[in-house]
Amino acid sequence: MSSIIIALDGYSSCGKSTTAKHVAKELGYAYIDTGAMYRAVTLYFIQNHISITNPYEVSKALSNIQVGFRRHHETKSNDTFLNGMNVENEIRKMYVSERVSEVSAVAEVRHAMVAQQQKMGKGKGIVMDGRDIGTVVFPEAELKIFMTADSYMRAQRRQAELLAKGEMVGLPEILANLQKRDHIDAHREESPLRQAEDALLIDTTYLTVDEQVELVVRLADERIGQAVRRREKK
Ligand code: DC
């Protein structure tokens, strides 16, 4: 069977990572949550008081940061590690969400993360979600999806996620954070969030997770079939 790269981009909290995780499982592919990588860098910057306007501090910090993923033996989830520490819960908290867009707009941060992401996807058979996967990280990805959803619906989903982890945050605060992040992500100079020309748009406002997964798996099967036929022709 031929393996492909699936790039899943879009706005914050419209179901990208949940969909990506399930699709990867169905296809037996690896899943890389690139937002988690930017969140881990942000956590390091917060903990070490790194000033994002000081290029020397930023580059020194980046050389001291190791971000990776490991499968949790009990929950079977892919946890994010920062310099050997499991930071999966910490990076999802509001104080990190509040800073992550500023940190991920720094060109040097992006260059370091993109280089790592390209290395991770080299062998294909990967589902990667983020903001610039189809445009910058893997412009040659065989399947590109761009996800969007009504912002009120996204805020409600995010609130439920935070609540499940014990963090109670009001809807207006979450909505404001999502809208601020979307604005910064879409207007930054370095690789802004935008739909790649060849990406398929999926609005998840009225879709269940199962429906999203089914749709993406169906599209992936088509593209895998095409990749196989292309290879056979050669
Ligand atoms: O997917 P997420 O909401 O966990 O991502 C957190 C932030 O990281 C998001 O607001 C923008 C940034 N990000 C990015 O700039 N590029 C990516 N490929 C993934 C995330």
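Quick caveat, the model's predicted, so the values are computed rather than measured.

## Regarding the packing of aromatic side chains
So, point 1. Scanning the model with the defined rule gives 1 aromatic pair in all.
So, point 2. Between the aromatic rings of Y11 and F146, the centroid separation amounts to 5.8 Å while the plane-to-plane angle is 85°, which identifies the pairing as edge-to-face. Here Y11, found in the loop between β1 (5–10) and α1 (16–27), pairs with F146, found in strand β7 (residues 143–148); they are 135 residues apart in sequence, far enough to count as distant.
So, point 3. The partly exposed category is assigned to Y11, whose relative accessible area is 27%.
So, point 4. For F146, a relative accessible area of 5% gives the class buried.
So, point 5. R70 extends its terminal NZ or CZ atom over the ring of F81, reaching a point 4.0 Å from the ring centre.

## Focus: the site of the ligand
So, point 1. The full set close to the ligand counts 15 residues, and R39, R110, D132, D185 and R188 are the nearest of them.
So, point 2. Note that an oxygen atom of the ligand is positioned 3.3 Å from one of the side-chain N or O atoms of S101.
So, point 3. The fraction of the free accessible surface of the ligand (450 Å²) that becomes covered by protein chains is 95%.
So, point 4. Looking at the shell around the ligand, the elements with two or more residues in it are α2 (34–47), α4 (94–104) and α8 (171–187).
So, point 5. The biggest single contributor to the shell around the ligand is α2, with 4 residues.

Quick notes on the rules
- Residues numbered from 1 in each chain as written.
- Predicted model: local features only at pLDDT ≥ 70, side-chain atom pairs only at ≥ 80, totals over all residues.
- Heavy atoms only, no water.
- Phe/Tyr/Trp six-rings, centres within 6.5 Å; stacked < 30°, edge-to-face > 60°.
- Helix = DSSP H or I, 4+ residues; strand = E, 2+ residues; numbered from the N terminus.
- Buried < 20%, exposed > 50% of the residue type's maximum accessible area, 1.4 Å probe, protein only.
- Lys NZ or Arg CZ within 6 Å of the ring centre and 35° of its normal.
- Near = heavy atom within 4 Å.
- Polar contact = N/O pair within 3.5 Å; in protein donor to acceptor, adjacent residues only side chain to side chain.
- Areas by Shrake-Rupley, 256 points an atom, 1.4 Å probe, with all protein chains shown as cover.

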